[in-house]
Amino acid sequence: MAVLTNHPIYKRISRIPPAYFIFIGLLVLLWIARPHMLNVNIMGIFIRQVVPLGILVLGQLLVIRVNSIDLSGAGVLLLINFYISSGMFAGASLSFFIALSLATGLTVGLLNGYLVGKRRVSAVIATLAVNIVLVGIVQFLASGKPPGDVPSTFNEIYNTKVWLVPAPVVFWIVLTALMSIFLSRFVFGRNVVSVGANPVAARFSGVPVERTVILSHTIAGLMTALASLVQTASIAVGSVRVGHDLPILAVAATILGGVVFGRGEGGVWGPFFGVLSFALLFVVMTTFGIGEPGKLVAQGVIILAAAIFYGVRTAGSQS
């Protein structure tokens, strides 16, 4: 086994994020079994459904690269959904809701960053605690009842298309490209790599470790807010349960995309295809008539595969 893992071909293949293999495998399966499902309009509908997850992943991949994690996404999503659908701000404009949502995401992200980067609290404990507090606030305000409907403007924007491509998908691709440029062309991206690889060495080298972690969480909070706006527009109604599984799916898609804890490396497009793999999985399972329980099992298997991949990558880097 040791000989195999040290083989140059194995090492070269192991550097390729498993998201690409999963995506190609599902695409081939769909092409063989149900080629008519590869229609642009049909695929656009399914891919549009995972856009909130894809945007959330952009923040998750950033905090994971600095040896952190953000599990507060579900709470932020519920709170923003409640803002928009409860009638608390009846008659407010679209720009007001967007500004309020972005302010909420930035505030939560900054709080997470302060707790993790400045106070050195465990990222899992801090962000999970923040998530629980936010969920509790929403449930208290809602008194256990679902809020009302989302203003129609949100759903109208969600259903628009740029040529044949749904507007949310275009928005996600643009955000992903901007994140890729931001991490590859700016000093902050180099700081992320340094902090993720070795925070102690980075600190002695003059890298602002605390500031990098705080900024990473703040940007993640902003991405969560954007994901929450898209998710709220997609369901068009208020809910006290929506998006509870998105944070863990975001972690799974990120790791499947080749971003590994404690390495400081990993790109943006690997996790992008990790999210697309979830979209194709839903297409395949819907095509074969597999219900919600089967989809949950499949998601669990993919998350387990992500954990195994993480373990193999870590073991390989230490050998």
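- In the nomenclature of an unreviewed UniProt entry, the protein corresponds to Autoinducer 2 import system permease protein LsrD from the organism Hoeflea prorocentri.
- UniProt, in the comment section headed Subcellular location (unreviewed entry), describes the protein in these words: "Cell membrane".

## Examining the nonpolar core
Consideration 1: Counting 88 residues, the largest nonpolar core has L53, I55, I84, W172, L183 and F278 as the members making the most contacts within it.
Consideration 2: The dominant element in this core, judged by the number of residues it contributes, is helix 15 (residues 269–287), at eleven residues.
Consideration 3: Excluding anything up to four places from it in sequence, L183 contacts L61, L62, R65, F188, G189, R190, V192 and V268.

## What about the packing of aromatic side chains?
Consideration 1: Within the structure shown, the criterion is met by eleven aromatic pairs.
Consideration 2: Measuring from ring centre to ring centre gives 5.2 Å for F182 and F188, while their planes differ by 25 degrees; the resulting arrangement is stacked.
Consideration 3: Overall, the relative accessible area of 26% leaves F182 in the partly exposed class.
Consideration 4: The exposure class of F188 is buried, given its relative accessible area of 10%.
Consideration 5: Residues W269 and F272 carry aromatic rings whose centres are separated by 5.2 Å and whose planes lie at 70 degrees to one another, so their mutual orientation is edge-to-face. You can see W269 and its partner F272 sitting in helix 15, three residues apart, about one turn around the helix.
Consideration 6: A relative accessible area of 33% means that W269 is categorised as partly exposed.
Consideration 7: Note on F272: relative accessible area 10%, which makes it buried.
Consideration 8: Feature note: the residues Y20, F23, W172, W269, F272 and F273 constitute an aromatic cluster, connected by ring pairs.

## Brief notes about unusual backbone geometry
Consideration 1: With a phi close to 65 degrees, N67 is a non-glycine residue in the positive phi region.
Consideration 2: Inspection of the secondary structure puts N67 in the loop between helix 5 (51–65) and helix 6 (73–85).
Consideration 3: Classification of N67 by relative accessible area gives partly exposed; the value is 34%.
Consideration 4: A positive phi angle, close to 60 degrees, is found at R120, a residue other than glycine.
Consideration 5: Looking at where R120 falls in the secondary structure, it is placed in the loop between helix 7 (94–118) and helix 8 (123–142).

Conventions we followed
By convention here, each chain's residues receive numbers from 1 onward along its written sequence. Per-residue local features are limited, in this predicted model, to residues with pLDDT of at least 70; the limit for side-chain atom pairs, both in listing and counting, is 80 or more; totals at the level of whole chains, interfaces and linings are taken over all residues. As a rule here, side-chain values come from all non-hydrogen atoms in the structure, and water together with hydrogens is ignored. UniProt positions are given in the numbering used here, feature names are shortened, and annotations may be inferred rather than shown by experiment. Each nonpolar core is a collection of buried residues, namely Ala, Val, Leu, Ile, Met, Phe, Trp, Tyr and Cys, held together in the definition by side-chain atoms within 4.5 Å. Here the term buried applies to any residue with accessible area under 20% of the maximum for its type, exposed to any over 50%, and partly exposed to those in between, with areas from a 1.4 Å probe on protein chains only. Numbering of helices and strands runs from the N terminus, with a helix taken as a DSSP run of H or I at least four residues long and a strand as a DSSP run of E at least two residues long. Contact between two residues is taken to exist if any of their heavy atoms lie within 4.5 Å; hydrogens are not considered. Two rings belonging to Phe, Tyr or Trp (six-membered ring only in the last case) form a pair when the distance between their centres is within 6.5 Å. Interplanar angles under 30 degrees mark stacking, angles over 60 mark edge-to-face geometry, and anything in between is tilted.

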